[in-house]
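Fold and geometry: a report
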Amino acid sequence: MRVEVRLLGAVQLYGDGRPAALGAAKRRVMLAALALEANRSVSLGRISEMVWAGPPPRSAIANLRSHAAALRQIVGDRLVAERGGYRLRLAPGELDVDEFRRLAEAGRDALAADDPHLAVSRLTAALQMWRGRAGDGLPGGTAVEARLASLDEQRLPVVEDLVEARLRQGEHLKVVPVLRQHLHHDPLRERAWGQLMLALYRGGDAAAALGAYQEVRRVLDEQLGVAPGPELSALHRAVLDRAPSLNPTRDRIVTTSGGPELRLAVEAPRELPPDGVELVGRDAEVAELLAAVRGAGQVPTTVAVSGPGGSGRSALVVRVAYLTAAEFPDGQVFIALRRHQAAAAAIAPAEVVARALRALDVPTASSSDGLDELTGRYRSVLTRRRVLLVVDDAEHAAQVRPLVPAEPGCAVIVTCRGRLHTLDGVRHVSVRPLAPADAYALLAGLVGAARLAAEPEATAELVRLCAGLPLAMRAAGARLVGRPEWPVALLTEQLADERQRLDVLTYGDLSVRDSVAAGYHAVRATDELAGQVFRLLGELPSPVLPAQVAARLDVPAARAWRALESLVDAQLARAEARSGYHLLPFVAEYAVELTARSGPATQPAVVPRPRSGRDPSIRSAAVRTLQAG
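Residues numbered from 1 in each chain as written. Predicted model: local features only at pLDDT ≥ 70, side-chain atom pairs only at ≥ 80, totals over all residues. Heavy atoms only, no water.

Let's talk about the pairing of strand 2 (residues 12-15)
- The pairing of strand 1 (residues 3-6) with strand 2 spans four bridges and is classified as antiparallel. What sits directly across from Val-3, in strand 2, is Gly-15.
- Where strand 1 folds back onto strand 2 in an antiparallel hairpin, the turn is made up of five residues, including Gly-9, whose phi is positive at roughly 135 degrees.
- As judged from the two bridges shared by strand 2 and strand 3 (residues 18-19), these two strands associate in the antiparallel manner. Its bridge partner lying in strand 3, Tyr-14 is registered against Pro-19. (Pairing = 2+ DSSP bridges. Helix = DSSP H or I, 4+ residues; strand = E, 2+ residues; numbered from the N terminus.)

Here it is as structure tokens:
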């Protein structure tokens, strides 16, 4: 028969998995007394002292024998009658107190071995054994109650051990409510107060960390008449000084010449670019990304964020990276793969991995070491660490595949124009053009709502011409901010002219033209025919069918279709089942510019592209305003 005794909460007894009705309170106390001395003979006199709060009555021995008989009906020969007493035989795993202690010790061992992931698992399992206060509901004043109270005290440091393990994993803000509740019940735990200060500081709230110190100082003075200990005082000074030692660190292993390996603490990389862009209309994408990245502790996580150039992929990913930074205490690495010029080759996968290794403090990593060797070193470095890697502007899956984490704990977020279909186990998030209301809100945040409200028709047309592309909205908004005397209608009129649209949407380092050009050069580098088809689409009126392309370029229809699909994959064109292929907004204007610079894609006469219509009322409004000025 399997027996299970539970003392960490209300006293419970199970026989072969079935709960037993214990009845009288004294019987439950007797069971607890025997379980606490499991596998040892306990005299009737000792049991009496443990069961009764005061001197035992004359009938104590008779009552104990009666309770023993009732217990034996449940546990059988597990309760052994011995000369002058009883012994309760329990196997490993049958007493929750023993299981709690075993798991807690395993968790502490994992902490000592610097394995916070295993420590969290073991310590969480230990605390899950508890269902309330030990011996909840038993009569007070007994020796058994005092023994059980000591178990409650043993639970407190285990809670703090678990918090320490979670802090090492970077779960700073997540442990704050746990610590608050812990300190509400046990406000004199200085270790927990220190953990709360550290969690708040690393979570970005230094003021709250200092406030926690003032609170513990008041509590200790009121209840004990003492000041905080040296550890808390030193932590307080470090927070005041914003000491680098409070930042999460990781180990670097260095092999000395002819000597042993040394572990040197080095500061984790913090490479994320500034999160200064106002993010509008991306709540759903942010929520989807957060859900994926925050699952990295359970499963290896890679997320690919795709969308056309200028759609705000990078801004979205950087925002999410900051929101989850505390959950990756071993660092955040940012790798930009954008080509700096059209003639430049795409960055090779080996160099991408070498770049990641150098950020993770492997300074000797070089692409000449070979992709397989670099990938192996990279995965070894990430073992038992929590690192977030952001790879911006990947052109193809091969650049990213070596970075995909093999174990839980790390996450990789990739931005790319097209979906990386050949990467296994990757979650895909698509970034689409902004809805008109969101585009208006973005423009209003840049220019001012009052200025837009003064010209509602011109503003609505401006929003339409920017086609929901955040980069276009930002360039237009920046130009209006730089020209406060301009009416909105003037800029709208300029945008309505296809010949100067890309010039208007270039302001400072904001350039829709450069964004489209990067996509064109990337697809042309891998498919020369696709580049030729791109220029051809700038000559032909939309939509275009594969048969037209095949005839104009004198290539097989299947090859023309594949080239068109390459443009779709690169987010330069879209396909409509019934009509054919169209270039996306602003892409068509760039294709026309290419034709003007380098000549038509084919020798036959070029069919001119139709001009988009203009609203004469907007033009006249702009002219009147300028004349009046």
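Details of unusual backbone geometry
- Between Ser-542 and the following residue, Pro-543, the backbone shows a cis peptide bond with an omega angle of -5 degrees.
- Within the secondary structure, Pro-543 sits in the loop between helix 23 (528-537) and helix 24 (546-553).
- A positive phi angle is found at Asp-393, which is not glycine, with a value near 70 degrees.
- The topology assignment puts Asp-393 in strand 11 (residues 388-394).

Topic: the sheet that holds strand 6 (residues 85-88)
- If you trace the three strands from one edge of the open sheet to the other, you get 4-6-5, paired in antiparallel fashion. Bordering the open sheet on either side are strand 4 (42-43) and strand 5 (79-82), each of which pairs with just one other strand.
- Across two bridges, the pairing between strand 4 and strand 6 is antiparallel. Looking across to strand 6, one finds that Ser-43 is bridged to Gly-85.
- Each of strand 4, strand 5 and strand 6 is contacted by helix 1 (residues 25-36), which is oriented at about 70 degrees to strand 6, the strand it contacts most.
- In this fold helix 3 (residues 60-75) packs onto strand 5 and strand 6, with an angle of close to 145 degrees to the strand it touches most, strand 5. (Contact = heavy atoms within 4.5 Å. Axes fitted to C-alpha atoms, helices over the stretch in contact; angles between N-to-C directions.)

Observations concerning a nonpolar patch on the surface
- On the surface, Leu-188, Leu-224 and Val-226 cluster together into a nonpolar patch covering about 240 Å² of accessible area.
- Structurally, Leu-188 can be placed in the loop between helix 7 (176-185) and helix 8 (190-202). (Patch = residues over 30% accessible without salt bridge, like charges linked within 9 Å, V, L, I, M, F, W, Y side chains within 5 Å. Areas by Shrake-Rupley, 256 points an atom, 1.4 Å probe, with all protein chains shown as cover. Salt bridge = Lys/Arg side-chain N within 4 Å of Asp/Glu carboxyl O.)

Description of the side chain of Ser-233
- Tracing the chain through its elements places Ser-233 in helix 10 (residues 230-241).
- Overall, Ser-233 belongs to the buried group, its relative accessible area being 18%.
- Excluding residues that lie within four positions of it along the chain, Ser-233 makes contacts with Tyr-213 and Pro-228. (Buried < 20%, exposed > 50% of the residue type's maximum accessible area, 1.4 Å probe, protein only.)

So, the nonpolar core
- Membership of the largest hydrophobic core comes to 62 residues, with the highest contact counts inside it found for Leu-462, Val-512, Val-533, Phe-534 and Leu-567.
- With near-sequence residues (within four places) excluded, Val-533 lies in contact with Val-549, Leu-553, Ala-563, Leu-564 and Leu-567.
- The next biggest cluster of nonpolar side chains, apart from the first, holds 54 residues, and it includes Leu-8, Val-42, Ile-47 and Val-158. (Core = buried A, V, L, I, M, F, W, Y, C linked by side-chain atoms within 4.5 Å.)

Observations regarding helix 18 (residues 456-465)
- All of the buried residues along helix 18 are Ala-458, Thr-459, Glu-461, Leu-462, Val-463 and Leu-465.
- Ala-467, located one to two residues past helix 18, shows a positive phi value of around 55 degrees.

Some thoughts on the sheet that holds strand 2
- Pairing within the open sheet is antiparallel, and its three strands lie in the order 1-2-3. At either end of the open sheet lies a strand with only one pairing partner, and these are strand 1 and strand 3.

Some details on the environment of Leu-434
- Secondary-structure assignment places Leu-434 in the loop between strand 13 (427-430) and helix 16 (436-447).
- Spatially, the C-alpha atom of Leu-434 lies 46 Å from that of Asp-114, the residues being 320 residues apart in sequence.
- Filtering out sequence-adjacent residues up to four positions away, Leu-434 remains in contact with Val-280, Gly-281, Arg-282, Ala-439, Leu-442, Gly-468 and Pro-470.

Worth remembering: the numbers are spatial, not functional.
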